[in-house]
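A structural walkthrough
What follows is the residue order along each chain.
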Amino acid sequence: MSEDSPPKKEVAAVKGTHDILPGEVEKWQALERLARETFELYGYRELRAPVFEATELFEKGTGQTSDVVTKEMYTFTDKGGRSLTLRPEYTPSVARAIIEHRLDLQARPMRFYYMGPMFRYDRPQKGRYRQFHQIDVEVFGEQDPACDAELIGMADHLLRRLGVTDKEILVNSVGCRACRPAYSQALREEAGKRTAELCPDCRRKAETNPLRIFDCKVEACQSAARSFPEIQGFLCAECRDHFTEVLSLLGLYGIPIRVDPKLVRGLDYYTKTTFEFVSSGLGAQSALLGGGRYDDMMKDFGGPDICGNGFAIGMERLLSVVSLPLPERRLLYVAYLGGAAKRTAVELARFFREEGVECLVEFKDRGMKAHFGRANKLEASWVLVVGEDEIRKGRFGLKEMATGRQVEGTREELLGSLRG
RNA sequence: GUGGGUGUAGCUCAACGGUUAGAGCAUCGGACUGUGGAUCCGAAGGUUGGGGGUUCGAUUCCCCUCACUCACCCCA
């Protein structure tokens, strides 16, 4: 009845999300494999939590005043009337899992890692997406500063394995609940005196979270901030000793770092050590990886009083500075001539796959030339030639595409060439 | 949420306000029914993001809108 073609609907991935296509996905697989291998070397084990959680979990864990919670969460109501949220970060989920399964009663410390998508309703830009992927590493129940150093060392190890040379490691201590209030107060007072120099945003931050003024990119604010007191002078004895020991161990590992007193991380729960790996060439979003210690989070959840420590890697950002050699594909293409040979081709493909050879047979009947053209396009390493003569003899031709050399043999004999 | 930049074929890009919007690459077919990359021939592919306006005439100029992108905010 309606002859109007339906209005041309724009089909496109949702803003800030992306498909990862073949050709690109191999890099992701390589990163995932190397990350897994590296973390397992240090005794970390994977812990997988759901993609969404009760909204309340993030309000408590991430902090009700943080931007992530106040304006960046993907929150929805399910059919049972529950308020759920696609996780904007991973740490609260791990904390929840530990409490729920009473993992705190097991031997400590607990070392976990995880990789997967996170969701934040941000305005997308280079290195920042609404669905993005993180590799998360967390240690619970270890207060020794050696743990902080181990995490930084392990992150550095992974980046070295990935061949990331353009990076700098920034480390700082943001103190704890005992000593940070005094520092915040000192900053607040200083900012109060210099209020005329600060941008409106920073005037607000002076009240809510004065440490964040250091993050501001406005030149006037930066130059004002340069004369602000530094946190080192305010750390309590415990925090100072902790920080000194972290730095000392990093020196022992031979990991070059830069102490950056102005490194304040965005999430409110950090205590003592914070760190960030930055790289140029990432645009404005220069942090490849960020983390630190959070001694109070678990307690704040109403869980056991055990400390936490960890970091998150931005996979998109990391991949954009990594140049991994792609694994070489070794594909066998089966070229057959005619309908009878097609059946043999399918059988042969089955045989070779059972023997662990990547093997492709296409179902469109082609001439030999077209088969080879196709094999070439698919970047096959070999072509198996299956025609009437070959079937009669039970011996097939195997051509190595790179060299053009061709051998003949039974399927078992050819297996040797394929594996050699 | 706020600013800037960009939108033409699957991709990379052309077209002074003026014929039927072109090219390269990619795709498909043919030359070519027993051996690849080459070459030649051909085909297909577009509501020039969408809507409105100015004009005899708009891919081109103006406005709005949408998308992408970069930056702010924030963060990995």
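Residues numbered from 1 in each chain as written. Chains lettered and ligands numbered in written order. Predicted model: local features only at pLDDT ≥ 70, side-chain atom pairs only at ≥ 80, totals over all residues. Heavy atoms only, no water.

**Description of the nonpolar core**
Counting 41 residues, the largest nonpolar core has F39, L162, F277, L289, F311 and L318 as its most contacted members. For this core, the element with the most residues is helix α5 (residues 145-161), which contributes eight residues. The residues touching L162, leaving out its near neighbours within four places in the chain, are L31, L34, L318, V322, S323 and L324. (Core = buried A, V, L, I, M, F, W, Y, C linked by side-chain atoms within 4.5 Å. Buried < 20%, exposed > 50% of the residue type's maximum accessible area, 1.4 Å probe, protein only. Helix = DSSP H or I, 4+ residues; strand = E, 2+ residues; numbered from the N terminus. Contact = heavy atoms within 4.5 Å.)

**Overview of unusual backbone geometry**
Between R108 and P109 the backbone carries a cis peptide bond, its omega angle lying at 0 degrees. Examined against the element boundaries, P109 turns out to sit in the loop between α4 (91-100) and β5 (110-119). A positive phi is found at R102, a non-glycine position, where the angle reads about 50 degrees. When you line up the elements, R102 lands in the loop between α4 and β5. The backbone of K272 sits at a positive phi, close to 50 degrees, despite the residue not being glycine. Following the sequence through the fold, K272 ends up in strand β9 (residues 271-278).

**Brief notes about the pairing of strand β7 (residues 168-173)**
Most of β7 is tucked away, with five of its six residues classed as buried. Bridge count between β7 and β9: six bridges; the pairing is antiparallel. Residue pairing across strands places S173 opposite T273, the latter belonging to β9. In this structure, β7 lies alongside strand β8 (residues 258-259), joined through two bridges in parallel fashion. Note that in β8 the partner of V171 across the bridge is V259. (Pairing = 2+ DSSP bridges.)

**What to know about the layout of surface pockets**
The computed volume of the second largest pocket comes to approximately 310 Å³. If you go around the second largest pocket, you meet 17 residues; those closest to its centre are H18, E24, W28, Y129 and E316. Within the residue set of the lining of the second largest pocket, elements represented by two or more residues are α1 (25-41), β6 (131-140) and α11 (315-321). The dominant element in the lining of the second largest pocket, judged by the number of residues it contributes, is α11, at four residues. Grouping the constituent residues of the lining of the second largest pocket by class yields five nonpolar, six polar and six charged. (1 Å grid on protein atoms, 1.4 Å probe; cavity = no way out; pocket = protein on both sides within 12 Å on 5 of 7 lines; lining within 4 Å. Points joined across faces, edges and corners; volume = space filled by probe spheres on them. Nonpolar A, V, L, I, M, F, W, Y, C, P; charged D, E, K, R; others polar.)

**Section: the packing of aromatic side chains**
Counted by the stated rule, this structure contains 13 aromatic pairs. A ring pair is formed by Y90 and Y114, whose centres lie 4.1 Å apart and whose planes are at 10 degrees; its orientation type is stacked. Note that Y90 is positioned in the loop between β4 (83-86) and α4 and Y114 in strand β5, a separation of 24 residues in sequence. You'll find Y90 and Y114 in the same group, each marked buried. Geometry around Y121 places R130 over its ring, the cationic atom sitting 3.9 Å from the centre. The aromatic ring of F351 is capped on one face by R411, whose charged end is 4.0 Å from the ring centroid. (Phe/Tyr/Trp six-rings, centres within 6.5 Å; stacked < 30°, edge-to-face > 60°. Lys NZ or Arg CZ within 6 Å of the ring centre and 35° of its normal.)

**A few points about the sheet that holds β8**
In space, the eight strands of this open sheet follow the order β1-β5-β6-β11-β10-β9-β7-β8, with mixed pairing throughout. Two strands close off the open sheet at either side, each with one partner strand: β1 (45-46) and β8. In this sheet, strand β10 (residues 287-294) lies alongside β9 in antiparallel orientation, the contact comprising six bridges. Paired with T274 across the strands is G292, a residue of β10. The strands touched by α1 within the sheet are β1, β5, β6 and β11 (308-314), with β5 carrying the most contacts at an inclination of about 160 degrees. Each of β5, β6 and β10 is contacted by α4, which is oriented at about 45 degrees to β6, the strand it contacts most. (Axes fitted to C-alpha atoms, helices over the stretch in contact; angles between N-to-C directions.)

**What to know about the packing of α1 against α5**
Two numbers describe how α1 lies on α5: the axes approach to 10 Å, and their chain directions differ by 140 degrees. Regarding α1 and α5, the two cross each other, and that crossing is right-handed. Listed contacts from α5 to L34, A35, E37, T38, F39 and L41 of α1 are M154, H157, L158 and R161. Of the residues assigned to the contact of α1 with α5, the class counts are six nonpolar, two polar and two charged. (Left-handed = near helix turned anticlockwise from the far one by under 90°.)

**What about the environment of M297?**
With respect to the secondary-structure elements, M297 resides in helix α10 (residues 297-300). Taking the C-alpha atoms as reference, M297 lies 17 Å from L105; in sequence the two are 192 residues apart. The contacts of M297, once residues within four sequence positions are left out, are G61, T91, A95 and Y269.

**With respect to the domain arrangement of chain A**
You can read the domains of chain A as domain 1 (25-179 + 235-321) and domain 2 (331-419). Distance from the C-alpha centre of domain 1 to the C-alpha centre of domain 2: 49 Å. (Domains from an automatic or database assignment.)

**A word on a nonpolar patch on the surface**
A contiguous nonpolar surface patch, about 230 Å² in accessible area, is contributed by V51, F52 and F76. Positionally, V51 belongs in the loop between β1 and β2 (52-54). A relative accessible area of 30% places V51 in the partly exposed class. (Patch = residues over 30% accessible without salt bridge, like charges linked within 9 Å, V, L, I, M, F, W, Y side chains within 5 Å. Areas by Shrake-Rupley, 256 points an atom, 1.4 Å probe, with all protein chains shown as cover. Salt bridge = Lys/Arg side-chain N within 4 Å of Asp/Glu carboxyl O.)

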